[in-house]
Amino acid sequence: MAQIDVLCSFATAAVNNNYTKPEIAIDGIIDIKNGRHPVVELMQKDEVFVPNDTYLDLTSNRMAVITGPNMSGKSTYMRQVALITLMAQIGCFVPADYAKISVVDQIFTRIGASDDLTAGQSTFMVEMSEVADIVKHATKNSLVILDEVGRGTSTFDGISIARAVSEYISTNRSMGCKTLFATHYHELISLEKELEGVRNFSVAVKRQGDSIKFLRKIVPGGVDESYGIEVAKLAGLPNKIINL
C-alpha cells in the first residue's frame, strides 16, 4: 500500500505540474532543458518562473562557476538541478521539458549560512566542516553543489579557500565530479582558462536607468560585478547610506 501511495503521488504531481519522464543514463551526463524548481515555481504568484538549461559531464563540462548578483536566482538554479537529479533517481517524473540524468552515488550541498553555537561552532566553522566532508567523501560519480564557499572569513582568505577547493574538486583523480559552484569571488572566472572542465556561467541582468532587473536566466560567461549596491537599494537601505 505504501508503494502504491508513493507512485500515485508521483503520478499526480507529474500530471498537475507538467513534469516529463527523464532518461536515465550511466555515461555521467546531466542534460536538462528548461528545468524548473518544483517548489519555487508553485510558490511564485507575482511572476512567471524562468526555466533554465543545464549540461554537466565528466570531461569538458565538469564544473560550472556561476557568478552574478545576490537575489538573482543562483541558489534556486543549483538546488533545482539537485532536486531534478534526485527526483529522477527515485523514479519520479521531473519539472523540465527534457532531462537526461546519469545515476549519481551521492548529492552533496554546501548552501546557506548557519551555526551550531551549542557545539561551539561558528558559521564559518560549520561551512568549513561541510566542505571538508564533501572533499573527503565525494567521488567521480557524485553531484556537488557549492554556494559561496569562503564567504565567512576575510576576503583574501576566502578567495584562497574557494579557489583551492574548486581546483581540488576539479583536478583530483578520485573526484573530478559534476559540480555547480556559485561565488561572488570574480577571481575564480580565470579558472575556465586554467583548468580543463571548468566553464563560466552567470545570471543575466538588465539595467533600467539607475536600477537593475534580474532576468533569472543562466547564460554562458562570467561577470565581474555583484551589483551589491543595487541589491542594498532594492532591500530598502536609505539613500543617504547608498549615496555614501
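The structure presented is a predicted model; accordingly, all values stated were derived computationally and were not measured.

### Description of the side chain of Glu127
No. 1: Inspection of the secondary structure assignment puts Glu127 in helix α4 (residues 123-137).
No. 2: Within the buried core, Glu127 has no salt-bridge partner, and the shortest N-O distance to an opposite charge, that of Arg110, equals 4.2 Å.

### Some words on the pattern of salt bridges
No. 1: Under the criterion given, the structure shown has six salt bridges.
No. 2: The shortest N-O distance in the salt bridge between Glu41 and Arg36 comes to 2.6 Å. Neither Glu41 nor Arg36 differs from the other in exposure class; each is buried.
No. 3: Put simply, Arg110 and Glu130 hold a salt bridge, and the shortest N to O gap is 2.7 Å. Separated by 20 residues along the polypeptide, Arg110 in strand β6 (residues 107-110) and Glu130 in helix α4 bring together distant segments of the chain.
No. 4: By relative accessible area, Glu130 is classed as partly exposed at 29%.

### Some thoughts on the nonpolar core
No. 1: Ranked by size, the top nonpolar core spans 27 residues in total, and within it Ile66 and Leu180 carry the most contacts.
No. 2: Those elements that place two or more of their residues in this core are α1 (2-16), β2 (30-35), β4 (63-67), α3 (74-89), β5 (98-102), β7 (143-147) and β8 (178-182).
No. 3: Looking at which element gives the most residues to this core, the answer is α3, with seven residues.
No. 4: Beyond its immediate sequence surroundings of up to four residues, Ile66 is in contact with Lys74, Tyr77, Met78, Leu180, Phe181, Ala182, Thr183, Phe201 and Ile218.

Conventions adopted
Once a new chain begins, its residue numbering starts again from 1 and follows that chain's sequence as written. This being a predicted model, a pLDDT of at least 70 is required before a residue's local features are given, and a value of 80 or more before pairs of side-chain atoms are given or counted; all residues contribute to the totals for chains, interfaces and linings. Hydrogens and waters are ignored; side-chain quantities use all the structure's heavy atoms. The way it works is that DSSP assigns letters per residue, a run of H or I at least four long becomes a helix, a run of E at least two long becomes a strand, and they are numbered from the N terminus. Relative accessibility under 20% of the residue-type maximum defines a buried residue, over 50% an exposed one, and the middle range a partly exposed one, all with a 1.4 Å probe and only protein chains included. When charges are tallied, Lys and Arg are placed among the positive residues and Asp and Glu among the negative ones, while His and the ends of the chain are skipped. Whenever Lys or Arg places a side-chain nitrogen within 4 Å of a carboxyl oxygen from Asp or Glu, that contact is recorded as a salt bridge. What is meant by a nonpolar core is a set of buried Ala, Val, Leu, Ile, Met, Phe, Trp, Tyr and Cys residues, joined one to another through side-chain atoms within 4.5 Å. Residue contacts are defined here by distance: any two heavy atoms, one from each residue, within 4.5 Å place the two residues in contact.

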